[in-house]
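Results of the structural survey
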Amino acid sequence: MEAVDAFGGRVTVGDVSSKAGLNLNQAQKALQALASDTNGFLEVSDEGDVLYVFPKDYRAKLAGKSFRIKFEPWVDKGKAALEYLVRVSFGTALIASIVLVYTTIIALITSRSDEDNRGRRGRSYDTGFTFYLSPTDLFWYWDPYYYRRRRLRADDDEKMNFIESVFSFVFGDGDPNQGIEEERWKLIGQYIASNGGVVTAEELAPYLDLPTSNGALSDESYILPVLLRFDGEPEIDEEGNILYRFPSLQRTASSQRSGRKEYVGRRWSDWVGGIEKFFKEKKWQFSKTSSSERAMAVGLGAVNLFGVIILGAMLKDAAVRPSGFINFVMDIFPLLQIYAASFFAIPLVRWFFIRKRNTDIEKRNQIRKRFAQALESPDLSLRRKLLSARDMAQKTVIGPDRIVIRIARMDYGCLLQAAHVSAYLTGASFYEAIGQ
């Protein structure tokens with residue numbers, strides 16, 4: 001960073017290497033990481049030199065990101081603990097609220113001796129309705145891995161039990177894209193490797209989150225995280241285009257053939273070799289419950305809300321302030337009202353957030369899709385750039401005939417043999433090879 005400041009925020013790898021005393025590979029990796037974390041970008045001179053350009057406030061951006069990285073694990077743990085506590089308290093309170101409300105209603109009715117036997121009707125209030133509730137269902141509320149377990153069972157078409165359906169209606173089923181970043185990097189790595197380790201930024205655009213909405217990109221800074229993750233480096237072809245080479249992905253033990261340069265254009269989808277054309281995020285669902293399960297959850301909430309409304313009217317009409325259990329319920333009645341209302345308010349607010357979130361997801365998916373379609377019918381400039389990348393692509397297959405030593409167990413004999421081979425191949429002394 002001192003080297004970047006010394007050169008005014010525009011540096012080459014050589015500038016940083018000479019100023020900071022790093023070797024070229026270290027300087028290049030450091031610049032890629034710094035540019036990726038601070039929204040820096042690349043520039044290419046008329047002679048093909050690559051420059052890293054950083055914004056004036058790049059130090060502040062890096063400090064902010066460092067702070068987030070440091071405390072993100074604690075925030076995630078706190079968030080998970082809070083969700084767990086909310087689920088436990090909300091789920092338990094649902095059953096407790098219904099029991100308290102209707103027990104209090106029955107108690108108030110039976111306390112009125114001159115109300116045409118309302119006490120008997122109150123006592124038989126719940127005889128005509130059955131919640132298929134098992135005592136074991138309550139343990140779902142104390143499951144800290146609820147969302148993970150639901151995702152694992154989603155493909156088995158298992159129906160939710162009653163308690164799960166209530167929780168799903170109120171709080172949803174978690175982030176459908178959790179863990180999907182791993183799939184994104186798998187797609188990118190497979191794509192690069194299948195094309196000989198040299199690609200253009202336009203080829204990776206369908207798999208990344210792009211800072212654009214109109215199909216045009218002002219720079220290729222969005223490629224920096226890929227360079228950092230797969231140890232890539234920018235190169236300039238004869239026409240001055242920036243291509244990206246990933247040496248580590250050009251060496252393989254498999255002899256499968258990669259795509260050839262004649263597959264540029266209309267047959268782009270053919271030489272991808274089964275890899276998805278673009279990275280697609282999943283949309284959020286309001287709830288994975290069936291219509292009947294959702295109706296039962298809504299019915300339970302409505303029963304509770306209706307009971308709270310009736311109880312509120314009865315408590316207002318009470319001539320004498322009762323004592324004991326009813327007095328306790330009167331004290332906590334505002335909490336019961338808040339809970340009954342939140343049972344429907346939370347899903348309503350969540351519905352609006354899901355609509356906004358899904359709109360953003362759809363926009364990102366459409367942008368990536370447009371870039372994928374552009375590769376199927378590239379213009380002349382993009383076609384030449386793709387052909388140049390295919391010309392520079394290469395793949396080294398490390399077959400059995402190239403193996404000079406096989407280490408089954410790292411013992412001293414293998415170590416000495418490896419040192420002899422290393423000394424022979426590198427020209428170093430035997431003792432230097434032992435140290436290596």
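You'll find the structure just up there.
In what follows, the accompanying structure is described. Here the structure is a predicted model, which means the values were calculated and not measured.

**Let's talk about the pairing of strand 5 (residues 233–236)**
Bridging between strand 5 and strand 6 (residues 242–245) involves 4 bridges; their strand directions are antiparallel. Within strand 6, the position partnered with glutamate 233 by the bridge is arginine 245. In textbook terms, the turn of a hairpin is the stretch between consecutive antiparallel strands, and for strand 5 and strand 6 this stretch comprises 5 residues, one of which, glycine 240, has a positive phi near 85°.

**Regarding the packing of helix 12 (residues 291–317) against helix 13 (residues 325–376)**
Contact geometry of helix 12 with helix 13 gives a least axis separation of 10 Å together with a crossing angle of 145°. Every pair of crossing elements has a handedness; the one defined by helix 12 and helix 13 is left-handed. In this structure, helix 12 uses Ala297, Val298, Gly301, Ala302, Asn304, Leu305, Val308, Leu311, Gly312 and Leu315 to contact helix 13, whose residues at the interface are Val329, Met330, Phe333, Leu336, Gln337, Tyr339, Ala340, Phe343 and Phe344.

**A closer look at the environment of leucine 336**
Assignment of secondary structure puts leucine 336 in helix 13. Note: C-alpha distance between leucine 336 and leucine 305 (31 residues apart in sequence) is 9.0 Å. Setting aside residues no more than four positions away along its own chain, leucine 336 makes contact with Ser97, Val101, Val308 and Val329.

**A look at the sheet that holds strand 1 (residues 10–11)**
Strand order in the open sheet formed by 3 strands is 1-3-2, with antiparallel pairing between adjacent strands. With one partner strand each, in any of the chains shown, strand 1 and strand 2 (41–44) form the two edges of the open sheet.

**Regarding the packing of helix 2 (residues 13–20) against helix 3 (residues 24–38)**
How two helices sit against one another is set out by the angle between their axes and by the gap between those axes. Where helix 2 meets helix 3, the axes come as close as 9 Å, and the angle between the chain directions of the two elements is 115°. Here helix 3 runs roughly perpendicular to helix 2, going by the angle between their axes. The two elements helix 2 and helix 3 meet at a crossing, and its hand is right-handed. Contacts between helix 2 and helix 3 involve Val13, Gly14, Val16 and Ser17 from the first element and Leu24, Ala27, Gln28 and Leu31 from the second. Class assignment of the residues belonging to the contact of helix 2 with helix 3 gives a composition of 5 nonpolar, 3 polar and no charged.

**Here's the deal with unusual backbone geometry**
Positive phi, normally seen in glycine, also occurs at asparagine 39, with a value near 65°. Inspection of the secondary structure assignment puts asparagine 39 in the loop between helix 3 and strand 2. Although it is not a glycine, aspartate 231 sits at a positive phi angle of roughly 60°. Structurally, aspartate 231 can be placed in the loop between helix 10 (224–230) and strand 5. Take aspartate 231: its relative accessible area is 33%, and that puts it in the partly exposed class.

**Observations regarding the side chain of asparagine 241**
Along the polypeptide, asparagine 241 turns up in the loop between strand 5 and strand 6. With sequence-adjacent residues up to four places away left out, asparagine 241 is seen in contact with Glu235, Ile236 and Lys385.

**Digging into the sheet that holds strand 5**
Ordered in space as 4-6-5, the 3 strands form an open sheet in which the pairing is antiparallel. Bordering the open sheet on either side are strand 4 (198–199) and strand 5, each of which pairs with just one other strand. Across the sheet, helix 14 (residues 380–392) touches strand 4, strand 5 and strand 6, and the angle it forms with strand 6 is around 35°.

Criteria and thresholds
- Residues numbered from 1 in each chain as written.
- Predicted model: local features only at pLDDT ≥ 70, side-chain atom pairs only at ≥ 80, totals over all residues.
- Heavy atoms only, no water.
- Pairing = 2+ DSSP bridges.
- Helix = DSSP H or I, 4+ residues; strand = E, 2+ residues; numbered from the N terminus.
- Axes fitted to C-alpha atoms, helices over the stretch in contact; angles between N-to-C directions.
- Left-handed = near helix turned anticlockwise from the far one by under 90°.
- Contact = heavy atoms within 4.5 Å.
- Parallel < 35°, antiparallel > 145°, perpendicular 65-115°, else oblique.
- Nonpolar A, V, L, I, M, F, W, Y, C, P; charged D, E, K, R; others polar.
- Buried < 20%, exposed > 50% of the residue type's maximum accessible area, 1.4 Å probe, protein only.

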